[in-house]
Structure formats: structure tokens, C-alpha cells
Amino acid sequence: MGNQAPISEDLLNILRCPVGVHDKTKGDDPGRLRLVNNMWLVCDDSGYKYPIRDGIPVLLPEEGLKWKDVPESDLPSVLPPENN
């Protein structure tokens, strides 16, 4: 995949954080996500951080909460295996 973004710019413009989108104090378009390190979606409104696994954004609140307090610079560049 190289330096190619794991999701398209169009998809990134549509996706919203499932937690941050409900915070109407953040303006008229809360919950926007930004791509970090080509494998994380970060919501500045909620602070939640969502991994992208195999090209699929994992936008589950429990997943975003798990990484919330991890500084962006400390987010892993290789994700740990999922516990199924």
C-alpha cells in the first residue's frame, strides 16, 4: 500500500466519530475525523482515536475510548492483534 491513504478522502469527509457527533457544543459539524499516521482516525471533539484495520475504520466507541488517553505520538504503528 505504501504511502497511499488507507481510506479515500471522500470517505474521510463523510465519517464521523460516533461519540463526538453528538456534542452540539462543538459547532454545526461535530465529530469530524482526521487521519493520523496513515492508520488512525482521530476526533478532536471527543479525543477518541480509532484504528484502521485492513483498510476498515473501527469506529466502535469502546475501541476509540481504549486509545483516548494515548498521545498521538505514542499510537502504535503496528496494531496489536484483536482479541476475538
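Residues numbered from 1 in each chain as written. Predicted model: local features only at pLDDT ≥ 70, side-chain atom pairs only at ≥ 80, totals over all residues. Heavy atoms only, no water.

Regarding the overall build of the chain
Then step 1. Secondary structure summary: the chain contains 2 helices and 4 strands in total.
Then step 2. Tracing the chain from N to C terminus, the helices and strands come up as α-β-β-β-β-α.
Then step 3. A globule of 84 residues ought to have a C-alpha radius of gyration of about 12 Å, and the chain, at 12 Å, matches this closely.
Then step 4. Here the C-alpha coordinates of the chain stretch approximately 35 × 25 × 25 Å along the principal axes.
Then step 5. The buried share of the chain, reckoned over its 84 residues, is 35%.
Then step 6. Considering only contacts within the chain whose residues lie at least 6 apart along the sequence, 38% involve residues at least 24 apart.
Then step 7. For the chain, the accessible area works out to roughly 5,400 Å², and carbon and sulfur atoms hold 51% of it.
Then step 8. Separation between the mean location of the 9 positive side-chain charges and that of the 14 negative ones in the chain comes to 3 Å. (Helix = DSSP H or I, 4+ residues; strand = E, 2+ residues; numbered from the N terminus. Rg over C-alpha atoms; globule rule 2.2 N^0.38 Å. Buried < 20%, exposed > 50% of the residue type's maximum accessible area, 1.4 Å probe, protein only. Contact = heavy atoms within 4.5 Å. Areas by Shrake-Rupley, 256 points an atom, 1.4 Å probe, with all protein chains shown as cover. Lys, Arg positive; Asp, Glu negative; His and termini not counted. Charge placed at Lys NZ, Arg CZ, Asp CG, Glu CD.)

Notes on the pattern of salt bridges
Then step 1. Under the definition given, this model contains 6 salt bridges.
Then step 2. Between Asp 29 and Arg 32 there is a salt bridge; the shortest N-O distance is 3.0 Å.
Then step 3. Assessed through its relative accessible area of 32%, Asp 29 is described here as partly exposed.
Then step 4. On the accessibility criterion, Arg 32 (40% relative accessible area) is partly exposed. (Salt bridge = Lys/Arg side-chain N within 4 Å of Asp/Glu carboxyl O.)

Quick look at the pairing of strand E1 (residues 33-36)
Successive residues of a regular strand alternate their side chains across the two faces of the sheet.
Then step 1. Note that E1 and strand E2 (residues 40-43) share 4 bridges and pair antiparallel. Across the sheet, Leu 33 pairs through a bridge with Cys 43, a residue of E2.
Then step 2. Hairpin remark: E1 followed by E2, antiparallel, with 3 residues in the connecting loop; positive phi at Asn 37, about 55°. (Pairing = 2+ DSSP bridges.)

Spatial relationships are all this shows, so hold off on functional conclusions.
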